[in-house]
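# Understanding the architecture of this molecule
The primary structure of each chain is shown beneath.
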Amino acid sequence: GKDVPVKVLANDSNPFPETELKVLDASVETGTGDARVSGDQVVITPDEAFVGVMVVRYRVQDATADPDRHVEGRIQVTVQGRPETPAKPTVEEVRSKTVVLTWDPPVNNGAEITGYTVKSANGYSKACATTTCTLDGLTNNVTYNFTVVATNEVGESDPSAPSEDARPDEKPDPPAPPTLEFGD
């Protein structure tokens, strides 16, 4: 949704240097948003919800004002957005004070995902580099539900749906072998 001004005449050659070139018009060819002329610039404004590649066409005229001498140029702008919401995380393994969580990566919307943050309503939080994360330092015999937030250079995603319950705990010791006493 931010304005992107592009000085389209900065790299153009002018056969009549005593008279400046003139940008006549600009229009969006692909993508959604607005393009308008402002002096020697084309100002591109992508729609607030648009991510992807936007192409804008513009026309320039020289001192002759002859329509046969008008030239076209194109501007390509890559619009990035914050990541989509990650998929609901899956509890893969539960051990003492530890849970292993996985999730599918979300669409990054044009900017590489730089990391994930896993949180629980119990106040637990951990930064994770990939979509499989070992959550350690948990309290045994406490039920946790985890959400995941993805981060890229644009910002953070909305939190995922919460995981199923996970309750870390110690495995009991194996039972001792039975003992028998023979008697009468």
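From a predicted model like this one, the values you see are computed outputs, not experimental measurements. (Residues numbered from 1 in each chain as written. Predicted model: local features only at pLDDT ≥ 70, side-chain atom pairs only at ≥ 80, totals over all residues. Heavy atoms only, no water.)

For the rest of this paragraph, the subject is the packing of aromatic side chains. Remark: the centre distance and the inter-plane angle together describe each pair of aromatic rings, the angle taken between the planes. By the definition in use, this model includes three aromatic pairs. Summarising the aromatic geometry, the rings of W103 and Y116 are spaced 5.3 Å apart at their centres and angled 70 degrees between planes, so their arrangement reads as edge-to-face. Highlighted residues: W103 in the loop between β8 (98–102) and β9 (113–120) and Y116 in strand β9, separated in sequence by 13 residues. Accessibility expressed as a relative area gives 4% for W103, which makes it buried. (Phe/Tyr/Trp six-rings, centres within 6.5 Å; stacked < 30°, edge-to-face > 60°. Helix = DSSP H or I, 4+ residues; strand = E, 2+ residues; numbered from the N terminus. Buried < 20%, exposed > 50% of the residue type's maximum accessible area, 1.4 Å probe, protein only.)

For the rest of this paragraph, the subject is the sheet that holds strand β6 (residues 71–79). The three strands are arranged β2-β5-β6 in an open sheet whose pairing can be described as antiparallel. Two strands in the sheet have a free side with no partner beyond their single neighbour: β2 (22–30) and β6. Averaged over neighbouring strand pairs, the angle between their axes works out to 25 degrees when direction is ignored. As paired strands, strand β5 (residues 52–61) and β6 are joined by nine bridges and run antiparallel to one another. Note on β6: the bridge partner recorded for V55 is Q76. (Pairing = 2+ DSSP bridges. Axes fitted to C-alpha atoms, helices over the stretch in contact; angles between N-to-C directions.)

Strands in a sheet are paired, the pairing made by backbone hydrogen bonds, and the direction either parallel or antiparallel. With antiparallel pairing, the three strands of this open sheet are ordered in space as β10-β9-β12. Of all the strands in the sheet, the pair left with one neighbour each is β10 (125–128) and β12 (146–152). With direction set aside, neighbouring strand axes in the sheet form an average angle of 20 degrees. The pairing of β9 with β12 spans seven bridges and is classified as antiparallel. Bridged to Y116 within β12 is A150.

All told, the structure shown has twelve salt bridges when counted by the stated rule. Of the charged contacts in the structure, one is a salt bridge between D62 and R69, with a shortest N-O distance of 2.6 Å. With relative accessibility at 37%, the residue R69 sits in the partly exposed group. A salt bridge links D136 to K126; its shortest N-O distance comes to 3.4 Å. (Salt bridge = Lys/Arg side-chain N within 4 Å of Asp/Glu carboxyl O.)

Honestly, that's just the spatial picture; any functional story needs more than this.
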